[in-house]
Amino acid sequence: MNKTLLVSTLVFSIVLHAPLAIAKTPVATGSGGAVATISEQASASALAILNKGGNAVDAAVAAAATLGVTDPFSCGIGGGGFMVIYLAKDKRVITVDHRETAPSAFTPAVFLENGKEIDFETAVASGAAVGVPGTVRGWHEALERYGTMGFRQVLAPAIDVADKGFTVNETFSHLTRENERKFQQFSTTSALYLRNGKAVTPGTRLRNPDMAKAYREIAARGYQAFYAGPMARAIVEAVNQPPLARGASVRAGQMTLADLANYEARIRQPVVSSYRGYQVYGMPLPSSGGVAVAEALNILEGYDLKALPRAQAEHLYLEASRLAFADRNAYLADPEYVDAPVAGLLSKDFAARRRALIDMKRAASDVAAGDPYAFQDDPSIPLRPAQRPLQKESPHTTHLTVSDKEGNVVSYTFTIESWGGSGIVVPGYGFLLNNEMTDFDFSGPRPNVPEAGKRPRSSMAPTIVLKDGKPAFSIGSPGGATIITTVLQTIVNHVDFGMPMNEAIDAPRLSERNGASTSVEPGFAGSAQAKALEAFGHKWEAPAEEIGAANAIVFNPDGTVTAVSEGKRHGVGTALVQRRAH
Ligand code: GLU
């Protein structure tokens, strides 16, 4: 798609139709709480909750619930996610893993037919792709443990948007168009998002009373309203007998009411690493995000990037990312099922071993995984996973970040996996079910094969970075496996190249994931920056596509905060602060 056209159309349509009259301002500096999301309604919801005295966790859930209405193709209660929280009073970071789990009927052969992997897109649009959703339970745990408000208060702004509706913008319409074929297969989804089988057009007012109903039930009865009773039955039925349009046929799933009733979020310790005097707190397994970002930063720490010519430094960034991806792909999966060598992967000595493989002048390709076992506390672990290439991973999802006046910070990435997830809208409840199970590797032997109750490996990397024990910035992005490189590159841009966060986010993104070529964005190939990197042997993947949609908050030394969203991508995001600096 022509991004320039997209952005200008979007700005135009917002000026004409913005229902809450909030300008899309991608950068805001001030004091009090702050929020950055990709949706102006979601940022407004977070601000409303902060202004009512809610804390960052309350406001993050309010924003997330609103994103479920305005950005239903990337996230919602039919999916799962990862929340990293800095608790100012306790001076600690904790994470809430509410990744979807595989239903109890899952086996390693679930995506095989006659011993062969089934086609990826066939797997996506199916009941079989749907994992037990974790979002509502995750929100519950976050609010109960670290919030100050309940569902009734924090869901109110989202219910309002779902009831009153919002104006479809160019991004929304484009994503619907891209999914027309998937959505046409399901009666409920066609009824909600298509008009006569075609995508809703920009300017359409879209209401979602069924989603408002789902949120109202959760507001009234708590998370149990989702995991037991009529809504749970509707979910199970939609998975096992998808609501098909006439003539359509898809693979059914096998989810039970017990799968839903037994779902639990996990409170996990963050992955902690250090980088040039900063403390980096990331998401642990089952997301590979925190470990992969930390390993790449550990490799890069051995170079004085800011003193090097820019192309030389960028070459090193790409090569460090390549090495970290080789290790991620080989070793990482759900830690409750796989003994992943995380301590080894995070060790500075292991990073030094990996760094030694980098050629200062020449790009490698398809590097082998390293041996982190020698760097484990107990180096005797005998079971080493077989190395195989990567399963396809699709780039979607949403990331948001919120801080409050007490200094609490939330960095939150959540998803339904592909754009539009499995494509199945739950009858009567207006939300799309995820296809997160396609994040498993379809065949083994590999750490990330499907198993009953297991959480598929993720790339989500919500991150909070501290300096001298105090928050310095938060960062995160959607984008499938490119999440890791977007977070890594933005940190390097900001910390090493000294770019203000808005420049760090707006800079062209390069994503090297140990392939034969590097993913780049439209307009990059042919640029002076591209040519300088080609001299090192780097090659660019085609077609170029926009990468990620980052959101960040910077805690400035003078006590002010700067919220930063995308200034160019995904139709421009919205950053707000409670009290704007003039
Ligand atoms: N399923 C993806 C993951 O967990 C979602 C992230 C994305 O697509 O952006 O890594």
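Please read these numbers as outputs of a predicted model, since none were measured by experiment.

Undergrad: How should the nonpolar core be read in this particular structure?
TA: Across soluble globular proteins, nonpolar side chains have a tendency to be buried as a group. Core analysis: the largest hydrophobic core is formed by 90 residues, its most contacted members being W139, L155, Y215, F226 and F431. With eleven residues, the single largest contributor to this core is helix 3 (residues 56-70). Among residues more than four places away in sequence, those in contact with Y215 are A65, G68, V69, I77, W139, L155, A158 and I159. Ranked by size, the runner-up nonpolar core spans 72 residues in total, among them A326, M460, F473 and V520.

Undergrad: I tried to follow the packing of aromatic side chains on my own but got confused; where do I start?
TA: How two aromatic rings sit relative to each other is set out by the distance from centre to centre and by the angle between their planes. Counted by the stated rule, this structure contains 20 aromatic pairs. When the ring of F106 is compared with that of F111, the centres are 6.0 Å apart and the planes differ by 85°; the resulting orientation is edge-to-face. Like F111, F106 is buried. By the ring-pair criterion, three or more aromatic residues cluster together here, those being F73, F166, F172, F183 and Y193. Lying across the ring of Y429, K213 places its NZ or CZ 4.6 Å from the centre.

Undergrad: I tried to follow the pairing of strand 19 (residues 551-555) on my own but got confused; where do I start?
TA: Successive side chains on a regular strand alternate, one facing one side of the sheet and the next facing the other. Taking burial as the measure, the five residues of strand 19 include five buried ones, the bulk of the element. Burial along strand 19 is two-sided: N551, I553 and F555 and A552 and V554, pointing in opposite directions, are all buried. With four bridges connecting them, strand 19 and strand 20 (residues 561-564) associate as antiparallel partners. For A552, the partnering residue across the bridge sits in strand 20 and is V564. Following strand 19, the chain reverses through five residues before pairing antiparallel with strand 20; G559 in that reversal takes a positive phi of roughly 95°.

Undergrad: What should I look at first to understand the environment of D163 in this one?
TA: By the element assignment, D163 lies in helix 6 (residues 151-164). Judged by its relative accessible area of 23%, D163 falls in the partly exposed class. Separated by 47 residues in sequence, D163 and D210 place their C-alpha atoms 8.8 Å apart. Here D163 is in contact with R207, A212 and R216, once residues within four sequence places are set aside.

Undergrad: Which parts of the structure should I look at to understand the pairing of strand 16 (residues 470-476)?
TA: For strand 16, the buried fraction is high: six of the seven residues fall into the buried class. Pairing between strand 15 (residues 463-467) and strand 16: five bridges, direction antiparallel. Pairing of L466 across the sheet is with P471, part of strand 16. Here strand 15 folds back onto strand 16 in antiparallel fashion, the turn holding two residues, of which D468 has a positive phi close to 50°. Taken together, the four bridges between strand 16 and strand 19 define a ladder with antiparallel strand orientation. Considered in strand 19, the bridge of G476 is made with N551.

Undergrad: I tried to follow helix 12 (residues 230-240) on my own but got confused; where do I start?
TA: Structural remark: α-helix, 3.6 residues per turn; residues separated by three or four positions point the same way. Buried within helix 12 we find M231, A232, A234, I235, V236, A238 and V239. The inward-facing, buried residues of helix 12 abut helix 10 (209-221), helix 11 (224-227) and helix 13 (257-261).

Undergrad: I keep staring at the site of the ligand and nothing clicks. Help me out?
TA: Taken together, 16 residues sit near the ligand, with H396, T397, E417, E436 and D439 positioned nearest. A distance of 2.6 Å separates a nitrogen atom of the ligand from a polar side-chain atom of E417. Contacts to the ligand include G479, whose backbone N or O atom sits 2.7 Å from an oxygen atom. Here the ligand has 290 Å² of accessible area as a free molecule, and 100% of this is covered by the chains. A per-class count over the shell around the ligand returns four nonpolar, eight polar and four charged.

What counts, and at which threshold
- Residues numbered from 1 in each chain as written.
- Predicted model: local features only at pLDDT ≥ 70, side-chain atom pairs only at ≥ 80, totals over all residues.
- Heavy atoms only, no water.
- Core = buried A, V, L, I, M, F, W, Y, C linked by side-chain atoms within 4.5 Å.
- Buried < 20%, exposed > 50% of the residue type's maximum accessible area, 1.4 Å probe, protein only.
- Helix = DSSP H or I, 4+ residues; strand = E, 2+ residues; numbered from the N terminus.
- Contact = heavy atoms within 4.5 Å.
- Phe/Tyr/Trp six-rings, centres within 6.5 Å; stacked < 30°, edge-to-face > 60°.
- Lys NZ or Arg CZ within 6 Å of the ring centre and 35° of its normal.
- Pairing = 2+ DSSP bridges.
- Near = heavy atom within 4 Å.
- Polar contact = N/O pair within 3.5 Å; in protein donor to acceptor, adjacent residues only side chain to side chain.
- Areas by Shrake-Rupley, 256 points an atom, 1.4 Å probe, with all protein chains shown as cover.
- Nonpolar A, V, L, I, M, F, W, Y, C, P; charged D, E, K, R; others polar.

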